[in-house]
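An overview of the molecular structure
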Amino acid sequence: MRTRDLQRWWVSWGRAVAAIAAVSTAVVGLARPARAADVNFNLYGDVDYVVAHQGVTTNSFQSPRFEIFSTATEGRLSFLAETMFEVGGDNAFAVDMERVEVSYLFADWFRLHLGRFHTAIGYYNDAYHHGRYFQTTVDRPEMVRFEDEGGLTPAHSVGVHADGRFGLRRAGSLRYDVEIANGRGNVPDEVTNLVDHNNAKAYNLRLRFEPSFPDGLIIGVNAYFDTIPATGPDPIAMPAVTTVGERIYGAHLVYLENNIHLISEFLRIEHRSDVASGNTHAGFVEAGYTFGSLTPYARYEKVSFPSVLDPFYAQNKLGLRGSFYSVLAGLRYLVSENVALKLEGGQITPVTGSKTSSVSFQCAFAF
Amino acid sequence: MTIVHCNRSASSRSRRRALASLWAAVVVGATLALAATPCWADDFVFIKNAKNGAAKLSKAEAKNLFTGRTKTWSDVGVVTVVLGPEDSPQLGWLADKVFQVAPKTMLTKIKQEVFKGEMKKPITAASPAEAVEAVRNNPGAIAVVPADAAKSLPAGVALLLLGD
């Protein structure tokens, strides 16, 4: 018995020592510095001068936004964040997190993102983010502006995004984007960063055919489905929720090679509710040609709202303005790979109401 | 006279045939040589890490690698682009031969793809020697260097042939 007890004691003691050794090894392993990741910071922003005329003429120097763009990669894992310091309606800067994404690249045909990202609707929304340097024009087309600027689409989504590209032999390639996200909030400029008010998720699919000839041509379609828990402009004062079913169908054709700049996009947005239902149609064509550092460009855009707006779009800045078309033309001068100067003139013509004309100068930077 | 004429005609015909054969051989040889050689004629070449099994790429494939459309190699994982400074000849060659745009325009395009999250930020190499070193240290790296710099590549770095 004594011998057995001794054996048991040794076995127990041995197990304890092994366990301590294992835990220590693990702790030491965790404490050891992780494999260095490539962390990068970039700065984007712009300063502008705008003269506008709608009955009266106004002119303003503007310092509208400044952005810190950070990325980090470690093997197939990557991180991206876009922190924006943006001027709001009160003329003061406020901080806004525009994108926070964690991605894992499994293969060219499958990449997974989690976080807050630009919704894969049409072409413009996730091709051009907040840095104005990359845009040919001074501002985004009205229809794809951000939520707080009156854009028609849910520009940002919080959820899961998967994308990838499949080769189609000599024909070219097929790119897909699939998203499951929280969807819209109670009012148009709310992004559901933390709470999904109605638990119902938004589903989005975009498909693009990229033919091998002409190289660079993109032909895409998309479909987005969501259920919006719409309230009045003040959800506390007007808490009644009207459920609005939203369906967005779109098509785009883009060619950005050989110094040619062509982006054309069309969207049909269907809203269905007990109060009002209707379809909004919107589209634009933006074209330009680059001669060395100079790119002359022009854009035509048209937005048609239904005659009776649903409770959600009735709070949208463009919805309040009503149907309109706009034209603009300008010149972009690429000073260096970090600085672009733009001079642009344009006019917005609403179906009812007076026209707005403007001339803008922009100095956009990307360091 | 007639016999002499016939002889002359026969010899000139055979000479023509020989010349035609030689010409055809030169054309076929040149075509084959141009189809799969590093662009020595342009004095710039692509280099890769020796662990990377890729042997050859077309201009379209090169463009896809440098814009994040192709994100991985089949055997060494994530693609890492190594670029020279904006005013470097190797960057000018890449912009002209592969992208067919000005270097500034190409760099803006690459920067935009990084901003979109489509590719990781390129490594900037101040000199061809730095580019070679970056490729040696990174299995997924690809860079353009002058052909002279590629004549004596260190162990761990190899040429990546450019086809059409």
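All values derive from a computational prediction rather than experimental measurement.

1. Observations regarding the overall build of chain A
On a plain count of helices and strands, chain A comes out with three helices and 16 strands. Looking at chain A as a whole, 34% of its 367 residues are labelled buried. Long-range pairs, those at least 24 residues apart, make up 54% of the contacts in chain A between residues at least 6 apart in sequence.

2. As for helix α5 (residues 128-137) of chain B
Within α5(B) the residues assigned to the buried category are B:Pro128, B:Ala131, B:Val132, B:Ala134 and B:Val135. All buried residues of α5(B) fall inside an arc of 160 degrees around its axis, so they share one side.

3. Some remarks on the interface of chain A and chain B
It is common to give the size of an interface as the accessible area that goes away when the parts come together. If you look at the interface, chain A gives 29 residues, while chain B gives 22 residues. Secondary structure elements with two or more residues in the side of chain A that touches chain B: β2 (56-74), β3 (77-87), β4 (93-107) and α2 (124-127) of chain A. For the side of chain A that touches chain B, the element with the most residues is β4(A), which contributes four residues. Partitioning the side of chain A that touches chain B into residue classes produces eight nonpolar, 14 polar and seven charged.

4. Overview of helix α4 (residues 103-116) of chain B
Taking 1.5 Å as the rise per residue, α4(B) with 14 residues should run 20 Å; its terminal C-alpha atoms sit 20 Å apart, in good agreement. Within α4(B), ten of the 14 residues are buried, which leaves the element mostly enclosed by the surrounding structure. Of all the residues in α4(B), the buried ones are B:Pro103, B:Met106, B:Leu107, B:Thr108, B:Ile110, B:Lys111, B:Gln112, B:Glu113, B:Val114 and B:Phe115. In this fold, the buried residues of α4(B) make contact with β2, β14 (324-334) and β16 (356-366) of chain A together with α2 (59-66) and α3 (89-99) of chain B. B:Gly117 lies just past α4(B) and shows a positive phi near 90 degrees.

5. Notes on the sheet that holds strand β7 (residues 141-146) of chain B
Residues and elements named next belong to chain B. Ordered by their spatial adjacency, six strands build an open sheet running β2-β8-β1-β7-β5-β6, and the pairing between neighbours is mixed. Here the strands that pair on one side only, and so sit at the sheet edges, are β2 (56-57) and β6 (123-124). Of the pairings in the sheet, the one linking strand β5 (residues 80-83) to β6 comprises two bridges and is parallel in character. By the bridge assignment, Val-82 is partnered in β6 with Ile-123. Across the sheet, α3 lies against β1 (44-49), β5 and β7, angled at about 110 degrees from β7, the strand it touches most.

6. Observations regarding the nonpolar core
Residues B:Ile47, B:Val82, B:Val135, B:Ile142 and B:Ala143 are the most contacted members of the largest nonpolar core, which totals 73 residues. Beyond its immediate sequence surroundings of up to four residues, B:Ala143 is in contact with B:Ile47, B:Val82, B:Ala125, B:Ala131, B:Ala134 and B:Val135.

7. Concerning the pairing of β3(A)
Residues and elements named next belong to chain A. Summarising the sheet, β2 and β3 pair through ten bridges and their orientation is antiparallel. Paired with Phe-69 across the two strands is Glu-82, which belongs to β3. The antiparallel hairpin formed by β2 and β3 contains two residues in its connecting segment, where Gly-75 sits at a positive phi of about 65 degrees. Relative to β4, β3 runs antiparallel, the two being bridged by eleven bridges. Of the residues in β4, the one forming a bridge with Ser-78 is Ser-103.

8. Observations regarding the confidence of the model for chain A
For chain A, per-residue confidence averages 87 on the pLDDT scale, and residues scoring 70 or more make up 88% of the total. For the stretch residues 16-34 of chain A, pLDDT sits under 50, and the model shows zero contacts to residues farther than four places along the chain or on other chains.

9. Quick notes on unusual backbone geometry
Residue and element names in this part refer to chain A. In this model, Phe-213 is joined to Pro-214 through a cis peptide bond whose omega is -5 degrees. Considering the arrangement of structural elements, one finds Pro-214 in the loop between β8 (202-211) and β9 (217-230). Even without being glycine, Arg-169 reaches a positive phi, approximately 50 degrees. Inspection of the secondary structure puts Arg-169 in the loop between β6 (156-167) and β7 (172-181).

10. Digging into the confidence of the model for chain B
Residue and element names in this part refer to chain B. Here chain B averages 79 in pLDDT, while 74% of its residues score no lower than 70. In this model, residues 1-8 is a region of pLDDT below 50 whose contacts with residues beyond four sequence positions or in other chains number zero contacts. On the interface metric, ipTM, the complex scores 0.78, and its pTM is 0.79.

11. Some points on the pairing of β4(A)
Where β3(A) hands over to β4(A), the hairpin turn is made up of five residues, of which A:Asn91 adopts a positive phi near 70 degrees. Following β4(A), the chain reverses through two residues before pairing antiparallel with strand β5 (residues 110-118) of chain A.

12. Notes on the environment of A:Thr349
Residues and elements named next belong to chain A. As for its placement among the helices and strands, Thr-349 is situated in strand β15 (residues 339-350). Among the residues examined, Thr-349 registers 15 C-beta atoms within 10 Å and is labelled partly exposed. Sequence separation between Thr-349 and Lys-302 is 47 residues, and the spatial gap between their C-alpha atoms is 9.5 Å. Those residues in contact with Thr-349, other than ones at most four positions away along the chain, are Phe-324, Tyr-325, Ser-326 and Lys-355.

Cut-offs and rules
- Residues numbered from 1 in each chain as written.
- Chains lettered and ligands numbered in written order.
- Predicted model: local features only at pLDDT ≥ 70, side-chain atom pairs only at ≥ 80, totals over all residues.
- Helix = DSSP H or I, 4+ residues; strand = E, 2+ residues; numbered from the N terminus.
- Buried ≥ 20, exposed ≤ 12 C-beta atoms within 10 Å, placed from the backbone.
- Contact = placed C-beta atoms within 7 Å.
- Arc of directions from axis to C-beta.
- Nonpolar A, V, L, I, M, F, W, Y, C, P; charged D, E, K, R; others polar.
- Expected span 1.5 Å × (residues − 1).
- Pairing = 2+ DSSP bridges.
- Axes fitted to C-alpha atoms, helices over the stretch in contact; angles between N-to-C directions.
- Core = buried A, V, L, I, M, F, W, Y, C linked by C-beta atoms within 7 Å.
- pLDDT = per-residue confidence, 0-100.

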